[in-house]
Amino acid sequence: MKANYKQLLTRVKAFIFDVDGVLTDARLLITESGELLRTMNAKDGYALKTALNNGYQVCIITGGKNYGVKSRLQGLGVTDVYMDAHDKMVELQEYLSKNNLQPEEVLYMGDDMPDVPVLQYVGLAACPQDAIPEVKAVCDYISHRGGGDACVRDVIEQVMKVHGKWNVDQGVNSSSI
């Protein structure tokens, strides 16, 4: 690990996440018709919604193009969802510029090779416990949770606690999670 991640938490204004292997466990269920199905953790959904409700910016940059995933995220209030991203740095630069953010204000969580350039660029690089070794080598923080197992909640909760914004009464309607 390259830095004391606890100090880096204080600078985070925006969260950017990959989907497969981060918000999901990277497994795909393939139906007979060829449709790809994924599962997401409701605890991650709660944390995403809570972060948005507390003024944090949230973005998704994924190489996938499953519009069911996009619909799920938009239902949580995530409006910046970049899909079919072959070079994630392009989408990252666009998002930073559009939202007047500096790289050091961003926490990015990824798990595989396409995430490495972004992880090396942002202020706080994070990954799930089951990320590949090349990703772990460039991360400031490796969650104790795996992809699809509330690793997103882990990092959001840590940032919000450092900022004094995480508490038991968040006012998030659990029926929308």
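A short tour of the structure in this document, coming up. (Residues numbered from 1 in each chain as written. Predicted model: local features only at pLDDT ≥ 70, side-chain atom pairs only at ≥ 80, totals over all residues. Heavy atoms only, no water.)

1. Overview of the pattern of salt bridges
Put simply, the rule is: Take a side-chain nitrogen of Lys or Arg and a carboxyl oxygen of Asp or Glu: if they are within 4 Å of each other, that pair is a salt bridge. Secondary structure counts use DSSP, requiring at least four H or I residues in a row for a helix and at least two E residues in a row for a strand, with both numbered from the N terminus. Think of it in three bands: residues with accessible area under 20% of the maximum for their type are buried, residues over 50% are exposed, and the middle band is partly exposed, with areas taken using a 1.4 Å probe on protein chains only.
Throughout the structure, instances matching the rule amount to nine salt bridges. Of the charged contacts, one joins K88 and D18 as a salt bridge, the two residues approaching to 3.0 Å between their closest N and O atoms. One end of the pair, K88, is in helix α4 (residues 88-98); the other, D18, is in the loop between β1 (14-17) and β2 (29-30), and 70 residues separate them in sequence. Taking relative accessible area as the criterion, D18 reaches 5% and is therefore assigned buried. Among the salt bridges present, the one from E157 reaches R153, with a minimum N-O distance of 3.1 Å. Note that E157 and R153 are positioned in helix α7 (residues 151-162) at a spacing of four residues, about one turn of the helix. By sharing partners, the salt bridges in this structure join D18, K88 and D115 into a single network.

2. Brief notes about the packing of helix α2 (residues 42-53) against α7
Here is the rule we go by: Note on geometry: axes are lines fitted to C-alpha atoms, helical ones only across the stretch in contact, with angles between N-to-C directions running from 0 to 180 degrees. With the far helix as reference, a near helix turned anticlockwise by less than a right angle produces a left-handed crossing, and one turned clockwise produces a right-handed crossing. In this description, contact between two residues means that some pair of their heavy atoms is separated by no more than 4.5 Å.
Running from N to C, α2 and α7 point in directions that differ by 35 degrees, and their axes come no closer than 8 Å. Where α2 crosses over α7, the handedness of that crossing is left-handed. Residues K43, D44, Y46, A47, L48, T50 and A51 of α2 pack against C151, V152, R153, I156 and M160 of α7.

3. Focus: the packing of aromatic side chains
As a reminder, the rule being used: Within 6.5 Å between ring centres, the rings of Phe, Tyr and Trp (the latter by its six-membered ring) count as paired, and their orientation is classed by plane angle as stacked under 30 degrees, edge-to-face over 60, tilted in between. Either the NZ atom of lysine or the CZ atom of arginine qualifies as a charge over a ring when it sits within 6 Å of the ring centre and within 35 degrees of the ring normal.
Evaluation of the coordinates by the stated rule reveals four aromatic pairs. Seen from their ring centres, Y5 and Y141 are 4.4 Å apart, and the 35 degrees between their planes marks the pair as tilted. Here Y5 is found in helix α1 (residues 5-9), whereas its partner Y141 is found in strand β8 (residues 141-142), with 136 residues between them in sequence. For the pair formed by Y5 and Y141, the shared burial category is buried. Judged by centre distance (5.5 Å) and plane angle (50 degrees), the rings of F15 and Y56 are tilted. Within this pair, whereas F15 is found in strand β1, its partner Y56 is found in the loop between α2 and β4 (57-61), the two being separated by 41 residues in sequence. Owing to a relative accessible area of 6%, Y56 belongs among the buried residues under this scheme. Ring pairing ties together the aromatic residues F15, F17 and Y56, which thus form one cluster. Looking at K165, its charged tip hangs above the ring of Y56, at a distance of 5.0 Å from the centre.

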